[in-house]
Amino acid sequence: NIGHYGYGVKGFTLSMIETAIEVTEGRVPAAVIAGIMAAGREMLSHPVELLPHARAAVEAAAAEFRVLVITKGDLLHQERKIAQSGLGDLLHGVEIVSEKTAEVYRGIFARHGDGPERSLMVGNSLKSDVLPALAAGGWGVHVPHGEPWALEQADRPEGHARFHELDDLSTLPALLRRIAAGA
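Attention in this report is confined to the structure presented alongside it. (Residues numbered from 1 in each chain as written. Predicted model: local features only at pLDDT ≥ 70, side-chain atom pairs only at ≥ 80, totals over all residues. Heavy atoms only, no water.)

### With respect to the sheet that holds strand S3 (residues 120–123)
Across a sheet, strands are paired by hydrogen bonds formed along the backbone, either parallel or antiparallel in direction. Rule in force here: Strands were regarded as paired on the criterion that DSSP finds at least two bridges between them. Helix numbering and strand numbering both begin at the N terminus, where a helix is a DSSP run of H or I of at least 4 residues and a strand a DSSP run of E of at least 2. The angle between two axes is taken between their N-to-C directions and runs from 0 to 180 degrees, where each axis is a line fitted to C-alpha atoms and a helix contributes only its stretch in contact. Note on contacts: a residue pair qualifies if any of its non-hydrogen atoms lie within 4.5 Å across the two residues.
Pairing within the open sheet is parallel, and its three strands lie in the order S3-S4-S5. Looking at which strands have only one partner, the edges of the open sheet turn out to be S3 and strand S5 (163–165). This sheet shows a mean twist of 15° between the axes of neighbouring strands, independent of strand direction. As defined by bridge partners, strand S4 (residues 139–142) adjoins S5 across three bridges and the pair is classed as parallel. Paired with His142 across the bridge in S5 is Glu165. The strands that helix H7 (residues 126–135) touches are S3, S4 and S5; relative to S4, the one it contacts most, it runs at about 155°.

### Some points on unusual backbone geometry
For Glu25, which is not glycine, the phi torsion reads 50° and is therefore positive. Considering the arrangement of structural elements, one finds Glu25 in the loop between helix H2 (9–23) and helix H3 (30–44). Of note, His53 is a non-glycine position whose phi angle comes to about 75°, a positive value. Locating His53 in the fold gives a position in the loop between H3 and helix H4 (54–64).

### A few points about the packing of H4 against helix H8 (residues 172–182)
Selection criterion: In these notes the angle categories are as follows: under 35 degrees is roughly parallel, over 145 is roughly antiparallel, 65 to 115 is roughly perpendicular, and the rest is oblique. Any residue outside Ala, Val, Leu, Ile, Met, Phe, Trp, Tyr, Cys, Pro, Asp, Glu, Lys and Arg is labelled polar, Gly included; the first ten of those are nonpolar and the last four are charged.
Two numbers describe how H4 lies on H8: the axes approach to 9 Å, and their chain directions differ by 25°. Here H4 is positioned roughly parallel relative to H8, judged by the angle of their axes. Along the contact surface, H4 presents Ala57, Ala60, Ala61 and Glu64, while H8 presents Leu172, Pro173, Leu176 and Arg177. Among the residues forming the contact of H4 with H8, the class breakdown is six nonpolar, no polar and two charged.

### Some thoughts on the pattern of salt bridges
Just so we agree on the cut-off: A pairing counts as a salt bridge when a side-chain nitrogen of Lys or Arg comes within 4 Å of a carboxyl oxygen of Asp or Glu. In this scheme, a residue with accessible area under 20% of its type's maximum is buried, one over 50% is exposed, and one in between is partly exposed, where area comes from a 1.4 Å probe on protein chains only.
The tally for this structure, following the rule as stated, stands at 10 salt bridges. Here Arg118 ties to Asp114 by a salt bridge, and the two come within 3.3 Å at their closest N and O atoms. A relative accessible area of 56% places Asp114 in the exposed class. A salt bridge links Arg156 to Glu158; the shortest N-O distance between them is 2.5 Å. A relative accessible area of 58% places Glu158 in the exposed class. In the salt-bridge network here, residues are joined through shared partners; they are Arg156, Glu158 and Glu165.

See the structure below:
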C-alpha cells in the first residue's frame, strides 16, 4: 500500500484497517477498528529517542557545515518528530520527500549547498539514504541500526570511493573533517 498511502504510521494504520476488513470479509467489529486506530495514535505519539552520539554529532557538524534532515513519510508526523528531537535549532533545513532518489537528492543538494559533489548523506538505510546519494554524485555514510525491513534491503556498495560505514555516530565529526580536507 505504500504507493497509495506512502510511508509512515498513518499509512501503516490504514493498511491494518484494510487487512482487518479483508480477513473478516467485511465483518470486522467497530471495536477492532477502534483498537487499530488507538494503536496508530500511540505509535504517532511515541517519544523520539535519539541514537547514541546523535546530538554531539549534529552539533559538531552544524558548527562547520550546513546540516539538513532529509526524510520520507507523513509531513505532520515527521515535523513532530523533528520538533521533539531537540535538534531543530541545529538544522539549516528539513526536506520531507515522497521517495529518496538520486534525482531528489541532486535537487536538494543544489538548493541547499554546492551540489552533490560537496554533499554527504548519513543514514541507516543503504537503499534510501546511501545509494541514492552516491548515485547523485555525493558521499554516503551508512550507520547500521536495527534490522532493515524488506523494502530497505540493499547490498553495500563495496569499493565505492565515496562510501563509508560507521559503527556509530561518535566518529562522524572526524570523518566529515577528513572528507572536507580532501575535497
